[in-house]
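Architecture and fold: a report
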Amino acid sequence: MVSCRPLSAPLFLLNLALTVVFLVVALATGVRGRRPAHYRAVGTTVALLALAILQAELFGRGFRFEPIRLRIHLGFAAAALLCLPGAVASGVALVRGRGGRRGHRAWVGGFVFLVLLAVLSAGWMFLGAEPIAA
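The structure contained in this document is the topic of the report that follows. (Residues numbered from 1 in each chain as written. Predicted model: local features only at pLDDT ≥ 70, side-chain atom pairs only at ≥ 80, totals over all residues. Heavy atoms only, no water.)

1. As for the overall build of the protein chain
Along its length, the protein chain carries 4 helices and 2 strands. Going residue by residue from the N terminus, the α and β elements of the protein chain occur as α-α-β-α-α-β. Taking all 134 residues of the protein chain together, the buried fraction comes to 31%. In the protein chain, of all internal contacts separated by at least 6 residues, the share reaching a separation of at least 24 is 77%. Total accessible area on the protein chain is roughly 8500 Å²; 73% of this is exposed by carbon and sulfur atoms. (Helix = DSSP H or I, 4+ residues; strand = E, 2+ residues; numbered from the N terminus. Buried < 20%, exposed > 50% of the residue type's maximum accessible area, 1.4 Å probe, protein only. Contact = heavy atoms within 4.5 Å. Areas by Shrake-Rupley, 256 points an atom, 1.4 Å probe, with all protein chains shown as cover.)

Structure, rendered in structure tokens:
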């Protein structure tokens, strides 16, 4: 089993922080109508999020989690990822004049809320985690 726990903790936390920063930048540029900057921020956020998920998987292999905490966290994380296509599709529809701003805000709001719950539940999950001896 592959684990990069000793090497990846600072990198994982840095990537997670950058993901949150770019999510805020994506929200701010979207609200201000700065489309080119918004598109770049959204793309960067999604790439950082994908990297954070991969790093979390590798980092988490070095721990034993309480099953209920793990299920709750994975539920929020999966729900957030399931909202992402809706946020993207509603944004594309908005740009093309086929969708409304209200629908896009609803999808984005749901995505951001679920990402927040996934991050918070991950912290809660790690509070009860036990390191696996190497």
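2. Some remarks on helix 4 (residues 101-127)
Taking 1.5 Å as the rise per residue, helix 4 with 27 residues should run 39 Å; its terminal C-alpha atoms sit 39 Å apart, in good agreement. Within helix 4, the full set of buried residues consists of His104, Val108, Phe111, Leu114, Val115, Ala118, Ser121, Ala122 and Met125. (Expected span 1.5 Å × (residues − 1).)

3. Points about the nonpolar core
Core analysis: the biggest nonpolar cluster contains 8 residues, these being Leu23, Leu49, Ala80, Cys83, Leu84, Phe111, Leu114 and Val115. For this core, the secondary-structure elements that each account for two or more residues are helix 3 (67-95) and helix 4. For Cys83, the residues in contact, after removing those within four places along its chain, are Trp107, Gly110, Phe111 and Leu114. Phe12, Phe63, Phe65 and Ala129 belong to the second largest nonpolar core, which has 6 residues in total. (Core = buried A, V, L, I, M, F, W, Y, C linked by side-chain atoms within 4.5 Å.)

4. As for the pattern of salt bridges
Per the counting criterion, the structure on display carries 2 salt bridges. When the shortest N-O distance is used, the salt bridge between Arg69 and Glu66 registers 3.3 Å. (Salt bridge = Lys/Arg side-chain N within 4 Å of Asp/Glu carboxyl O.)

5. As for helix 3
For helix 3, with 29 residues, the first-to-last C-alpha span of 42 Å sits near the 42 Å given by 1.5 Å per residue. Among the residues of helix 3, Arg69, His73, Ala80, Cys83, Leu84, Gly86, Ala87, Ser90, Gly91 and Leu94 are the ones counted as buried. Buried residues along helix 3 sit against helix 2 (35-60) and helix 4. Looking one or two residues beyond helix 3, the residue adopting positive phi is Gly97, at roughly 75°.

6. What to know about the packing of aromatic side chains
Geometrically, a pair of aromatic rings is defined through the distance of the ring centres and the angle of the planes. What the rule picks out here adds up to 6 aromatic pairs. By way of ring pairs, the aromatic residues Phe12, Phe59, Phe63, Phe65 and Phe126 are connected into one cluster. (Phe/Tyr/Trp six-rings, centres within 6.5 Å; stacked < 30°, edge-to-face > 60°.)

7. Looking at a nonpolar patch on the surface
A grouping of Ile68, Ile72, Trp124 and Leu127 is seen on the molecular surface, where their side chains present a nonpolar patch of about 390 Å² in accessible area. Put simply, the parts of the chain that give the nonpolar patch at least two residues each are helix 3 and helix 4. In this structure, Ile68 sits in helix 3. (Patch = residues over 30% accessible without salt bridge, like charges linked within 9 Å, V, L, I, M, F, W, Y side chains within 5 Å.)

8. What about the packing of helix 2 against helix 3?
Put simply, helix 2 and helix 3 touch, their axes get as near as 13 Å, and they point 165° apart. What the angle tells us is that helix 2 and helix 3 run roughly antiparallel. Relative to helix 3, the crossing made by helix 2 is left-handed. Contacts between helix 2 and helix 3 involve Arg35, Tyr39, Val46, Leu49 and Ile53 on the former and, on the latter, Leu81, Leu84 and Val95. Partitioned by chemical class, the residues of the contact of helix 2 with helix 3 number 7 nonpolar, no polar and 1 charged. (Axes fitted to C-alpha atoms, helices over the stretch in contact; angles between N-to-C directions. Parallel < 35°, antiparallel > 145°, perpendicular 65-115°, else oblique. Left-handed = near helix turned anticlockwise from the far one by under 90°. Nonpolar A, V, L, I, M, F, W, Y, C, P; charged D, E, K, R; others polar.)

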